[in-house]
Amino acid sequence: MSRYNVKETESKWQAVWEERHCFDVEEDSSKEKYYVLEMFPYPSGRIHMGHVRNYTLGDLVARFRRAQGYNVLHPMGWDAFGLPAENAAKENNVHPAKWTHANIATMRDQLKSMGLSYDWRREIATCDPDYYKHEQKMFLDFLDAGLVYRKESWVNWDPVENTVLANEQVIDGKGWRSGAEVEKRKLAQWFLKITAYADELLSAIEELDRWPERVRIMQHNWIGRSEGAHIAFDIIGRDKPLDVYTTRPDTIFGASFMAISANHPLAQELAADNPELSDFIGQCNRMATSEAAIETAEKLGCDTGLKCAHPVIEGETLPIYVANFVLMDYGTGAIFGCPAHDQRDLDFARKYGLPVTPVVCPPDTDPSTFEIGNEAFVGDGNIINSEFLNGLSVPDAKSKIIAHFEGRGMGEKQVNFRLRDWGVSRQRYWGCPIPVVHCDDCGIVPVPAEDLPVVLPEDIDINVAGNPLDKHPTWKNVDCPKCGKAARRETDTFDTFFESSWYFARFCAPVENEAFTRSAADYWLPVDQYIGGIEHAVLHLLYSRFFTRALKECGYLDLEEPFAGLQTQGMICHETYKSAAGKWLLPTDVSTGETGELVDSTGAKVTRGRSEKMSKSKKNVVDPEEIIQTYGADTARLFMLSDSPPDRDLDWTDSGIEGAWRYVNRLWRLISEPPFAPADKGASRPADVAGSALDVERMVHKTVATVTADLERFHFNKAVARVRELSNAVETLKETDPGAAWVLRFASETLAILAGPLMPHLAEEMWSALGHDALIADTAWPEADESMLVEDTITVAVQVNGKLRGTLEIAKDADKETVEQSALMLDNVQSFIAGKEVRKVIVVPNKIVNVVI
RNA sequence: GCGGGUGUGGCGGAAUUGGUAGACGCGCCGGAUUCAAAAUCCGGUUUCCUCGGAAGUGUCGGUUCGAGUCCGACCACCCGCACCA
């Protein structure tokens, strides 16, 4: 029995594809284009299973669309700037650039061993000055277009390392390396005006009909358009009012306090001569900056002693607190608290003994007995305890109270967005330098276009406290481009989302002097199918959508939406293992002992944990390279595509990969050792095809039709199942049935073509073994013969009172009476209806008969 | 906390518009082949059962001739929350 020589075969076909430049593409206006893009990887060192899944999905689409006759662009590159390179630099004393390039080299080899159909000529690395110089130019153009501004913003500050920490570097409020209590600090930073496009980014979601609904909902919620009111509250004893944004002006009669952010200018001002308040603000500034941390922290406040006049209740006042749950970045950084109808306000009021007055009464509830317990009522209802608003619904009350305030000049209707402007400044070395100069006389001066790129210095000490660029002895010293006096470079670098916001355009034409050529971008964009992780559902995708619009405004492109189709993929999971000592163990260190239980290399018992997302920290990882070495890329691909649909999590199991491996061999055997001799290549269909041969021939057509539909709809697991069914059926072919030899060849060739996008190396090998000189990669996708799909008899289910009691083989489209009569004649049906009155018979043509008694 | 998602045999998952629940695979059981094993092939495999059936798609309730699918309430787990990418 010949076993499939996977290593030899796979490298052979990879070499052939490369020699023949199969996947190099150019613009060709005579062909319909199709741009397939997988989210490019961060070069972290080695590829992981998530990459294998992502790139398998993309490669399948690319090869499938190519076979369908599209001009397919399928590129690959590296999202090469980022924090891990700096961490590696500190830990291993290796330069971030060197580390990154070494990783790219390793990962490129690994990807090539997967046989992916990329046009490698278009490869890019974002840390390359040839890449980032273009985005420096874009930034300057955005600056000209008024899409960039500078403002103070809060960051996590590690007082020991003198550096800004990412949220992931803050653990329980402490710096991950220093262990020092993290503070918030204000820094002047660069922002992109994504909010200028808030309305458009929101409304255009409607048209993204090939995006997953959940991603659209997430983006919708992220932008968070709300309609509410801006209200000015008079502060007693002060001239300047306190401005508040609220989405619930209807609850104004239930207000019992005011709350402002610790970062609100008023709080800052009052803290100057109020030590207690100053302490409290300090405490707020030690809280983590993430929204999750703020929302889940205990609601705390500090009374400022100031009071506002209640805007609608004469003579009543509202105490002003500084509170830790009020965000300076949302609305005006100040709220009025209505505890009865907002959970956070209620928690706060209960803690500080503030009044809780319900002003919205739930439907069908008696207002006189309605009380608020520990849960705020946030639903619709009738307004109560609110003078001129009483009896109105929530929406009606909103309109009326806004009109009331507008009439008195105290407030107005306002639309607000949750979306904040995009802060792009990072105090890090391994990123794209922001191309501006700070001059004492001229202020901020853009670096002239002809002086770009501003290149990162190579001689850098990554171990200094603070921003390495800022601490570099010479790099930042530069003459002001405007006045020529000594000035300083901006030492912040871009957020790495900056690079990934336009790389899809760069792939269209990675030329020297431009970000991309306009004609290439016009031809290839938008990306027809984008594929990547759900974790990018909001930020990366939203930034790219914004960036595309900004590029359009600056004349780079004529496009709003970069990604016409989006497919998100689930995570790869694996069982976890723990030793008796409670340490995580690699799957490769765990085996089954003699008694059938799991043991480690020393024979000690191992505890099996549930399947979780593969992660280095839990060691539940399987190295793709080992899998590809052992079983080959096709087997790894097949496993990735079988069973789980792309958007669901996938459990990696040894038995699963073994099963895929068995199928690869089985399919190969079907060709290399056919059950009997197939007809000659190119033989025409004999007139007489019957018995098992006819059944299989029909099935080939049916499989082509369903697999094509499944691949178009990303139902890859179903496509694999259909292909398996066909190969199972081929094994039932009887040599003696008329036309069997011809059907065997027809089915074998079709299997090879259908396997093309799934297992490309094996498909080529099958095709070659079937006597073909051309490549599967250059072979057109088959079309099913409609006439072969029509069945003449149908199985109809027969139910009595909704329970299955039998089935009926009957001519397709038989008339209702015939079907009904035949169904009632069934023995089992007869026995169930015996002695009872048939009240009704429901006949659904070609589907079901339900007898109701 | 807010937002999003998922839940079907021992396991991963199938099931156009409400119409035969469990396709395909994994695992397991039995058999063939083999000196033996591996590999391979064939058959079986939701559960219970008095072998006629009965129950069954996270839980509870509803709509319907008929619900995995539609509606309401709930439970569990997972993901995101703006400096990880």
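This one's a predicted model, so the numbers in the text were calculated from it and none came from an experiment.

Caption draft 1: Quick look at the overall build of chain A. Summing up its helical and strand segments, chain A has 25 helices and 35 strands in all. Reported as C-alpha extents along the three principal axes, the dimensions of chain A are approximately 105 × 85 × 65 Å. Scored against the burial criterion, the 853 residues of chain A give a buried share of 53%. Intrachain contacts of chain A at a sequence separation of at least 6 include 71% that bridge at least 24 residues. Of the charged side chains in chain A, 91 are positive and 130 negative, and the gap between their average positions amounts to 2 Å.

Caption draft 2: Molecular detail of the protein's contact with RNA strand B. Taken together, 66 residues lie around RNA strand B, and R428, D643, K718, K847 and N850 are the ones closest in. Restricting the count to atoms of RNA strand B within 4 Å of the protein gives a sugar and phosphate share of 65%. N850 is positioned such that a nitrogen or oxygen atom in its side chain is 2.6 Å from a base oxygen of RNA strand B. With seven residues, the top contributor of residues to the surface near RNA strand B is helix α21 (residues 716-730).

Caption draft 3: Spotlight on the pairing of strand β3 (residues 148-158). Sheet topology note: the β3/strand β7 (residues 183-192) ladder contains 10 bridges and is antiparallel. Across the sheet, the residue bridging to K151 is Q189, located in β7. Both β3 and strand β4 (residues 163-165) contribute to a ladder of three bridges, which runs antiparallel. In the sheet register, D158 faces β4, and the bridge partner there is T163. A loop of four residues connects β3 with β4, the two strands running antiparallel in sequence, and N162 in this loop sits at a positive phi of about 55°.

Caption draft 4: Seen up close, the pattern of salt bridges. This model, assessed by the stated rule, comprises 45 salt bridges. A salt bridge links R225 to E227, with the shortest nitrogen-to-oxygen separation between them at 3.0 Å. R225 sits in the partly exposed class, given a relative accessible area of 38%. On the accessibility criterion, E227 (43% relative accessible area) is partly exposed. Here D522 and R518 are joined by a salt bridge, their closest N and O atoms 3.2 Å apart. Separated by four residues within a single helix, D522 and R518 lie in helix α15 (residues 518-524), roughly one turn from each other. R518 gets classed as partly exposed once you look at its relative accessible area, which sits at 34%. Salt bridges sharing common partners tie together D24, E26, D119, R121 and R122.

Caption draft 5: Structural view of the confidence of the model for chain A. Residues of chain A with pLDDT of at least 70 account for 99%, and the chain-wide mean is 91. Note on the complex model: pTM 0.93, ipTM 0.93.

Caption draft 6: Representation of the sheet that holds strand β19 (residues 436-439). Spatially, four strands are ordered β20-β19-β22-β21 in an open sheet, and the strand pairing comes out antiparallel. The open sheet is flanked by β20 (443-446) and β21 (477-479), the only strands paired with a single partner. Neighbour-to-neighbour, the strand axes of the sheet open up by a mean angle of 40°, direction not taken into account.

Caption draft 7: Looking closely at the sheet that holds strand β8 (residues 225-233). Read from one edge to the other, the open sheet built from three strands follows the order β9-β8-β16, with strand pairing classed as antiparallel. The strands lining the two open edges of the sheet, one partner per strand, are β9 (242-246) and β16 (411-417). Each neighbouring strand pair of the sheet contributes to a mean axis angle of 30°, computed without reference to strand direction. The sheet contact formed by β8 and β9 spans five bridges and is antiparallel. Note that in β9 the partner of I231 across the bridge is V244. Strands in contact with helix α12 (residues 394-407) are β8 and β16; relative to β16, the strand with the most contacts, it is inclined by about 120°.

Definitions and limits used
- Residues numbered from 1 in each chain as written.
- Chains lettered and ligands numbered in written order.
- Predicted model: local features only at pLDDT ≥ 70, side-chain atom pairs only at ≥ 80, totals over all residues.
- Heavy atoms only, no water.
- Helix = DSSP H or I, 4+ residues; strand = E, 2+ residues; numbered from the N terminus.
- Buried < 20%, exposed > 50% of the residue type's maximum accessible area, 1.4 Å probe, protein only.
- Contact = heavy atoms within 4.5 Å.
- Lys, Arg positive; Asp, Glu negative; His and termini not counted.
- Charge placed at Lys NZ, Arg CZ, Asp CG, Glu CD.
- Near = heavy atom within 4 Å.
- Polar contact = N/O pair within 3.5 Å; in protein donor to acceptor, adjacent residues only side chain to side chain.
- Pairing = 2+ DSSP bridges.
- Salt bridge = Lys/Arg side-chain N within 4 Å of Asp/Glu carboxyl O.
- pLDDT = per-residue confidence, 0-100.
- Axes fitted to C-alpha atoms, helices over the stretch in contact; angles between N-to-C directions.

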